[in-house]
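# Structure assessment
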Amino acid sequence: MATSVTKAVMYKNSGCQCCDKWATYMGRYGYNISVQPVSNMPEIKDKYHIPSDMESCHTTLIDGYAVEGHVPVEDINRLLNERPQAVGISAPGMPSSSPGMNTSFNTPYDVYLLDQEGNSKVYASH
């Protein structure tokens, strides 16, 4: 279940359906995701310090952190509980077996913790 902070804003390109599926997935766990279609995703990623190799299709802001892409709810809950000094977390690209992708593939992928200097390290493996 989500922590006491459950509201979030997701920035995405209009027409991207996997982003909407991820928002629906998060809603099942108590997160209220406000979906904001934008035409300037590169500027959004720049503003929230998402390194280019960590980018995905959408950027979500949750309680002071950037959540990039199809990150599982358990990793977001962990981030909000631990509150590390970080920009946020990312599931770079669009991992086929991540939440919202709705594929039958079971391809392993990592979620990365992003620091203020643009570095990343594995935060969780799925």
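About the thresholds
- Residues numbered from 1 in each chain as written.
- Predicted model: local features only at pLDDT ≥ 70, side-chain atom pairs only at ≥ 80, totals over all residues.
- Heavy atoms only, no water.
- Helix = DSSP H or I, 4+ residues; strand = E, 2+ residues; numbered from the N terminus.
- Rg over C-alpha atoms; globule rule 2.2 N^0.38 Å.
- Contact = heavy atoms within 4.5 Å.
- Areas by Shrake-Rupley, 256 points an atom, 1.4 Å probe, with all protein chains shown as cover.
- Lys, Arg positive; Asp, Glu negative; His and termini not counted.
- Charge placed at Lys NZ, Arg CZ, Asp CG, Glu CD.
- Buried < 20%, exposed > 50% of the residue type's maximum accessible area, 1.4 Å probe, protein only.
- Polar contact = N/O pair within 3.5 Å; in protein donor to acceptor, adjacent residues only side chain to side chain.
- Pairing = 2+ DSSP bridges.
- Right-handed = clockwise from strand over helix to strand, strands pointing away.

### Remarks on the overall build of the chain
When you go through the chain residue by residue, the secondary structure sums to three helices and seven strands. Helices and strands appear in the chain in the N-to-C order β-α-β-α-β-β-α-β-β-β. Taking 126 residues into account, the globule formula puts the C-alpha radius of gyration at 14 Å, and the chain, at 13 Å, falls close to it. The principal-axis extents of the C-alpha atoms in the chain amount to approximately 35 × 30 × 30 Å. For the chain, the share of sequence-separated contacts (at least 6 apart) that also reach a separation of at least 24 residues comes to 55%. For the chain, the accessible surface area stands at approximately 6400 Å², while carbon and sulfur atoms represent 47% of it. In the chain, which carries 9 positive and 13 negative side-chain charges, the distance between the mean positions of the two groups comes to 8 Å.

### Quick notes on the side chain of Asn-77
Structurally, Asn-77 can be placed in helix H3 (residues 73-82). What makes Asn-77 buried here is its relative accessible area of 13%.

### Concerning the environment of Arg-78
Mapped onto the secondary structure, Arg-78 falls in helix H3. By relative accessible area, Arg-78 is classed as partly exposed at 32%. Separated by 50 residues in the primary sequence, Arg-78 and Arg-28 have C-alpha atoms spaced 17 Å apart. Residues contacting Arg-78, with those up to four places away along its chain left out, are Tyr-123 and Ala-124. From its side chain, Arg-78 meets the backbone oxygen of Tyr-123 in a polar contact 2.5 Å long.

### Focus on the pairing of strand E2 (residues 32-38)
Of the pairings in the sheet, the one linking strand E1 (residues 7-13) to E2 comprises seven bridges and is parallel in character. From the neighbouring strand, Ala-8 faces E2, where its bridge partner is Ile-33. Each parallel crossover has a hand, and the one from E1 via helix H1 (residues 17-27) to E2 is right-handed.

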